[in-house]
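Chain residues, written in single-letter form:
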Amino acid sequence: MKDFIHTADLRREETWEAIAIGIGESVNDDHIRARIGQVEYLGDMLINAGIPVVRPIGGHGVFLNARKFLPHLEQTASCTGACSGNIGILGSQKHGKRNCFSGKK
């Protein structure tokens, strides 16, 4: 939907109908439970594989702990950029980054 809204013709009634259906589906309790379950499942798989993740795992996504994933980088370096860039090289289609300068150890 993120990309859809930029390419959609907002003057068309069908566009608004599609948006309304998408919003309705996204707030459906079954959909929310399934999405959270998917994220928890992925997080558990990563933890079991020894991949450092930020805990607790949330309902939105699983975040790698870049500081632990790349401990050789200084905190002032772009550790999250290096981490997400390397994941992109390994084949991830979508990856994001959070700032590693939060001050939390």
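From a predicted model like this one, the values you see are computed outputs, not experimental measurements. (Residues numbered from 1 in each chain as written. Predicted model: local features only at pLDDT ≥ 70, side-chain atom pairs only at ≥ 80, totals over all residues. Heavy atoms only, no water.)

**Quick look at the overall build of the protein**
Note the following rule: Under the scheme used here, helices are H or I runs from DSSP no shorter than 4 residues and strands are E runs no shorter than 2 residues, and both carry numbers assigned from the N terminus. The rule is simple: take the accessible area with a 1.4 Å probe, protein chains only, and divide by the maximum for that residue type; under 20% is buried, over 50% is exposed, in between is partly exposed. In this analysis, two residues are considered to be in contact whenever any of their non-hydrogen atoms come within 4.5 Å of each other. Each accessible area is a Shrake-Rupley estimate made with a 1.4 Å probe; only the visible protein chains count as cover when residues are assessed.
Counting its regular elements, the protein contains 5 helices and 0 strands. If you list the helices and strands of the protein from N to C, you get α-α-α-α-α. Counting over 105 residues, the protein shows a buried share of 15%. Of the contacts formed within the protein by residues at least 6 apart in sequence, a portion of 16% connects residues at least 24 apart. Here the protein displays about 8300 Å² of accessible surface, and carbon together with sulfur accounts for 56% of that area.

**Some points on helix 3 (residues 29–48)**
Put simply, the rule is: Any helix carries an expected span of 1.5 Å times its number of residues minus one. Here a polar contact means two N or O atoms within 3.5 Å. Within protein one must be a hydrogen donor candidate and the other an acceptor candidate, and residues neighboring in sequence count only if both atoms are side-chain atoms.
The first and last C-alpha atoms of helix 3 sit 28 Å apart over 20 residues, in line with the 28 Å expected at 1.5 Å per residue. By the N-cap criterion, in which a side-chain oxygen at the helix start approaches the backbone nitrogen of a residue two or three places on, helix 3 is capped by Asn28, the distance to Asp30 being 2.8 Å.

**Digging into the environment of Val62**
Structurally, Val62 is set in the loop between helix 3 and helix 4 (66–69). Ignoring sequence-local partners within four residues, the contact set of Val62 consists of Val39, Leu42, Gly43, Leu46, Val53 and Ile57.

**Comments concerning the pattern of salt bridges**
Proximity of charged atoms lets side chains of opposite charge pair with each other. Where we set the bar: By definition, a salt bridge exists where a carboxyl oxygen of Asp or Glu is found within 4 Å of a side-chain nitrogen of Lys or Arg.
Taken as a whole, this structure holds 2 salt bridges when the rule is applied. Linking Glu14 and Arg12 is a salt bridge whose minimum nitrogen-to-oxygen distance equals 3.4 Å. Take Arg12: its relative accessible area is 45%, and that puts it in the partly exposed class. Asp30 is the salt-bridge partner of Arg33, the closest N and O atoms lying 2.9 Å from each other. Linking Arg33 with Asp30, this pair stays in helix 3, spanning 3 residues, or about one helical turn.

**Some points on the environment of His31**
For His31, the location among the structural elements is in helix 3. If we ignore the near neighbours within four places in the chain, the residues touching His31 are Glu25 and Ser26.

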